[in-house]
Amino acid sequence: MQALNYSKYDVLTMFRKDNGSVNPTAAQIEQFDTDLFDANDDTLLEIMGEEGIDTRKDNKSTVLLYSRFGAGNLSQRIRSACRYFNNTQKL
Amino acid sequence: MLHLQFLRWFALICAGVVVACPQSIQAQSLFEILKPSWTFERHSYYDPLSAEPRAAEMKVLFPARSSSVPFAEHPGQSTVWDISVGDEIPVIGWTRGDKPEGEPTAQKKFGFGVWFPLSFHMIEDMSKDHSKPILDTDYRFGVMLKAQWGLPSKWGITHQSHIGIRYVPIAHESTHLGDEFTLNARIYGDAFQRVNVSYQYWELGGSFEPNFFQDGRLEAKFRGGIMHEAFHGGVGWYDAELLQPVGGTVTLSNRNIEPYVGAELFYSPDPDTGGLGPFLSLDYRNRTVYGYNRPSQSTPEQVEGSVNILAGIRHIRRGARITPSYYLRYYHGVNPAGQFRSQSNYQLYGFGVLFRF
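Remember, predicted model here, so these are calculated numbers, not experimental data.

What counts, and where the lines are drawn
Here the residue numbering is sequential within each chain, running from 1 through the sequence in written order. Chains carry letters and ligands carry numbers; both start at the beginning, A for chains and 1 for ligands, and go up in the order they are written. Owing to the predicted nature of the model, reporting of local features is limited to residues with pLDDT of at least 70; listing and counting of side-chain atom pairs is limited to 80 or more, with chain, interface and lining totals taken over all residues. Water and hydrogen atoms play no part in the side-chain values, which are based on all heavy atoms of the structure. The source of the domain bounds is an automatic or database domain assignment. Strands were regarded as paired on the criterion that DSSP finds at least two bridges between them. A run of H or I in DSSP counts as a helix once it spans at least four residues, and a run of E counts as a strand once it spans at least two, with each numbered from the N terminus. Only centres within 6.5 Å qualify two rings of Phe, Tyr or Trp (six-membered ring in Trp) as a pair; their planes then separate them into stacked at under 30 degrees, edge-to-face at over 60, and tilted for everything else. Exposure classes here rest on a 1.4 Å probe applied to the protein chains alone. A residue is buried below 20% of its type maximum, exposed above 50%, and partly exposed in between. A 1.4 Å probe that fits but cannot get out identifies a cavity on a 1 Å grid over protein atoms alone, an open set with protein on both sides within 12 Å along at least five of seven lines counts as a pocket, and a residue lines either if it has an atom within 4 Å of a point. Grid points are joined across faces, edges and corners, and a volume is the space filled by probe spheres set on the points. When residue character is reported, Ala, Val, Leu, Ile, Met, Phe, Trp, Tyr, Cys and Pro are called nonpolar, Asp, Glu, Lys and Arg charged, and the others, Gly included, polar. Patches draw on residues past 30% relative accessible area with no salt bridge. Two like charges within 9 Å are joined, as are two nonpolar side chains (Val, Leu, Ile, Met, Phe, Trp, Tyr) within 5 Å. In this description, accessible areas are obtained by the Shrake-Rupley approach with a 1.4 Å probe, and a residue is regarded as covered only by the protein chains that are shown. Think of a salt bridge as a Lys or Arg side-chain nitrogen and an Asp or Glu carboxyl oxygen that are within 4 Å of each other. In this description, contact between two residues means that some pair of their heavy atoms is separated by no more than 4.5 Å. Polar contacts, as used here, are pairs of N or O atoms within 3.5 Å; protein pairs need one atom able to donate a hydrogen and one able to accept it. Residues neighboring in sequence count only if both atoms are side-chain atoms. The pLDDT value expresses, per residue, how confident the predictor is, ranging between 0 and 100. Multiply 1.5 Å by the residue count of a helix minus one, and that product is the helix's expected span. Think of it as the arc spanned by the lines of direction from the helix axis to the C-beta atoms.

### A word on the domain arrangement of chain B
By domain assignment, chain B separates into domain 1 (1-35) and domain 2 (57-356). Domain 1 of chain B and domain 2 of chain B are separated by 31 Å when their C-alpha centres are compared.

### A word on the pairing of strand β12 (residues 302-316) of chain B
Each regular strand shows side chains that alternate between the opposite faces of the sheet. Residue and element names in this part refer to chain B. By the bridge criterion, 15 bridges tie strand β11 (residues 275-289) to β12 in an arrangement that is antiparallel. Considered in β12, the bridge of S281 is made with L310. The pairing of β12 with strand β13 (residues 323-333) spans 8 bridges and is antiparallel. In the strand pairing of β13, R314 is matched with S325. Taking the residues that link successive antiparallel strands as the turn, the β12-β13 hairpin has 6 residues, and the phi of G319 there is positive, at about 80°.

### Some remarks on the packing of aromatic side chains
Residue and element names in this part refer to chain B. Tallied over the entire structure, the rule returns 19 aromatic pairs over all chains. Geometrically, the ring pair formed by W155 and F208 is edge-to-face, given 6.1 Å between the ring centres and 80° between the ring planes. Note that W155 is positioned in strand β6 (residues 154-155) and F208 in strand β8 (residues 198-212), a separation of 53 residues in sequence. We classify W155 as partly exposed; its relative accessible area is 41%. Taken together, a centroid distance of 4.8 Å and an interplanar angle of 90° make the contact between Y199 and W237 edge-to-face. Taken together, the residues Y199 in strand β8 and W237 in the loop between β9 (218-230) and β10 (257-267) connect sequence positions 38 residues apart.

### Some points on the pairing of β13 of chain B
Summarising the sheet, β13 of chain B and strand β14 (residues 346-356) of chain B pair through 11 bridges and their orientation is antiparallel. Looking across to β14 of chain B, one finds that R329 of chain B is bridged to G350 of chain B.

### Concerning empty space enclosed by the protein
All names here are of chain B. Under the counting rule described, the total for this entry stands at 4 cavities of 30 Å³ or more. The space that makes up the largest cavity amounts to roughly 290 Å³. Forming the walls of the largest cavity are 28 residues, and the residues nearest its centre are E52, R54, R140, Y201 and E203. Secondary-structure elements contributing two or more residues to the lining of the largest cavity are β4 (110-125), β5 (134-150), β7 (158-177), β8 and β11. As a volume, the second largest cavity reaches approximately 90 Å³. Considering the residues around the second largest cavity, the lining is formed by S50, P53, R54, K59, L61, D82, S84, N308, L310, Y327 and R329. Tallied by class, the residues present in the lining of the second largest cavity amount to 4 nonpolar, 3 polar and 4 charged.

### Description of a nonpolar patch on the surface
Residues and elements named next belong to chain B. Side chains of F222, L265, L280, L282, I309, Y330 and Y349 sit close together on the surface and give an oily, nonpolar patch of about 560 Å² of accessible area. Note that L282 resides in strand β11. For L282, a relative accessible area of 36% gives the class partly exposed.

### Concerning the environment of Y66 of chain A
Residues and elements named next belong to chain A. One can find Y66 in helix α3 (residues 57-67). The class for Y66 is partly exposed, based on a relative accessible area of 29%. For the pair Y66 and I78, spaced 12 residues apart in the sequence, the C-alpha separation amounts to 7.8 Å. Sequence-distant contacts of Y66, that is, excluding residues within four places in its chain, are made with A81, Y84, F85 and T88.

### A word on the pattern of salt bridges
Two side chains of opposite charge can pair, provided their charged atoms sit close to one another. Evaluation of the coordinates by the stated rule reveals 28 salt bridges over all chains. R68 of chain A is the partner of D98 of chain B in a salt bridge, and the nearest nitrogen-oxygen pair spans 2.7 Å. Here D98 of chain B is found in the loop between β3 (78-95) and β4, whereas its partner R68 of chain A is found in the loop between α3 and α4 (74-87) on a different chain. The burial state of D98 of chain B is the same as that of R68 of chain A; both residues are buried.

### Looking at the side chain of K146 of chain B
All names here are of chain B. For K146, the location among the structural elements is in strand β5. Since its relative accessible area comes to 1%, K146 is described here as buried. At 2.6 Å, the side chain of K146 and the side chain of E88 are in polar contact.

### Some thoughts on the confidence of the model for chain B
Looking at chain B as a whole, the pLDDT averages 90, with 91% of positions reaching at least 70. We note a pTM of 0.88 for the whole complex and an ipTM of 0.84 for its interfaces.

### Some points on helix α1 (residues 8-19) of chain A
Residues and elements named next belong to chain A. With 12 residues, α1 should cover 16 Å at 1.5 Å per step; its first-to-last C-alpha distance of 16 Å lies within 8% of that length. Residues of α1 that are buried: D10, V11, M14 and F15. Taken around the axis of α1, the buried residues stretch over an arc of 135°, which confines them to a single face.

Dropping the structure here:
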């Protein structure tokens, strides 16, 4: 598999939730990762910056994963995911 | 025929958009391109406005007050309940990019899908007439095509905005007076006319859905479109031959088009906690007042602007499958129920709940 934009197991988790396939190909995962990047990354960078979160690959991946379970539009879900991320760092 | 021409253009445009994605075409076979992106999944392409009066949704208006209808047993306002039961069932769709269920298309991506709208609309007199008669029930079903384009995540002062179109190439509406209402109307003798309002139609609408302020929490929807009676051989909204009295006739309709505009604003609650968010929804239609007893079919009917306003709160709960909206509704204009569309200056207001799934 080529290098992904987000952490592999976070991408696999999101793929499992959205697609349900138990036997994806590497190409499908890579395409899914690319789709995630195109749809979410600029909003992730903006809101993670506003919430004071380092925009490293692992942080972006975790926040993106959290955002898949929120309510509201993309920005609202990412904002909420950032706050969840920050609030759970020291648990 | 205009709608058939549009259907051809619509198919060509959809095909053109798919073909205009060279990277994807290089990367995927034709089979993969044509393979549906989703089937029987909810996707938020052109969801109906809360104020759309005959949307395929679950709405209960109770208690409510209504103007008296033609051939009611007693004059004066009555307490009613007005319910809509239905759904726009998502059948199949194609899109590119990230497509989590329940969401609109991703930024800079195009989505297209087929829906099966099916709904029932009933109004019942709960107060003034004998045996609390159901006044009218309307049934609707059809085929609905929706297409949506996700504008860039930040587009001017908006966030995650979308434009879209909704095209109903064919749908049917059948309307029926309540049986007890019909029995009560015997007091009018042969003056009571039971009209068979039953027709096919096509509909075309456009949508702009921008979101404003931080994180796009002020969600706006602007709509406009037309509905056109069709596929009825020039007959119109209803048959000339009356169901009652047997052998009686009425004048066929002349104006078979109804344009409309609508808008909705919703301020989303804090995404961390969910909660209640206020909304205001407006639908305005230039409706035809059915003229059953005009001198001839070429005689134009009256038209009347008909407004439906809903103001209330929507309860957003993270992870919940049902989103209720509680509202006050005010409707004024042509009676929207079945053969009562011959009644202008009709008024209906009350408290209601809309359930979205």
